[in-house]
Amino acid sequence: MTEILPQETNNFSKGSEWRKWDLHIHTPSSFYFNGTKKFIEMSNEEKIAEVKLFIEMVNNSDVAVFCLMDYWNFDFYLLFQEYIAENADELKKTVFPGMELRIESPTDYRLNIHVILSDKLSKQELIDFKSELYIRSIDKKLSDDALIRFGKSLDESKAGKHGFANPQTLDNEKLLQLGSQTAEITQDSLRKAFNQIPFE
């Protein structure tokens, strides 16, 4: 027998509310960023100015929730998180940490994964997540150094398919870009990375 609750117990006074969410924001720390300057090239002052500009744009947007989806790293989010910890009143919206990854798969096309994580995770928990990720074929933990090493391990024809010269002739900046465009994370390491995230 189904019990019918009195109308007064319903806490929902309105129907559905629709809000815009943008869960795929690239920042200057993503290798695909097309702005004037990459995060790695910026001074500390320029990085903070970029974080402030991001917060201003987020607050002025009609989008309610955002997720930073940089390839291979949380660098911008970690600085953003640090800044917000000291200036909490400046942010009026929700911003989640995320990471865009390419993962090994038995397909003839590239398979990307968009990881969206909780904004309650600490800096260390995000670092622990990333530290579990391994690049396929060179069995190295995900880092800029490992991406450079992976880029250098490719043969000339593979690099050429992505518009690069022989990897043995490229500098580290180009190798990082090549590695970022071609590396894949192992499925097993992604599972282990998720095990670093608290259950709740």
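### What about the pattern of salt bridges?
In total, this model carries seven salt bridges according to the counting rule given. Two residues, Glu 46 and Lys 37, come together in a salt bridge whose shortest N-O distance is 3.0 Å. Look at Glu 46 and you get partly exposed, because its relative accessible area is 32%. Residue classification places Lys 37 among the partly exposed residues on the basis of a relative accessible area of 31%. A salt bridge links Asp 145 to Arg 149; the nearest nitrogen and oxygen atoms lie 3.7 Å apart. Here the residue Asp 145 and the residue Arg 149 both occupy positions in helix H4 (residues 144-153), the gap between them amounting to four residues, near one helical turn. Owing to a relative accessible area of 43%, Arg 149 belongs among the partly exposed residues under this scheme.

Here is what the cut-offs are and how they apply
Residues numbered from 1 in each chain as written. Predicted model: local features only at pLDDT ≥ 70, side-chain atom pairs only at ≥ 80, totals over all residues. Heavy atoms only, no water. Salt bridge = Lys/Arg side-chain N within 4 Å of Asp/Glu carboxyl O. Buried < 20%, exposed > 50% of the residue type's maximum accessible area, 1.4 Å probe, protein only. Helix = DSSP H or I, 4+ residues; strand = E, 2+ residues; numbered from the N terminus.

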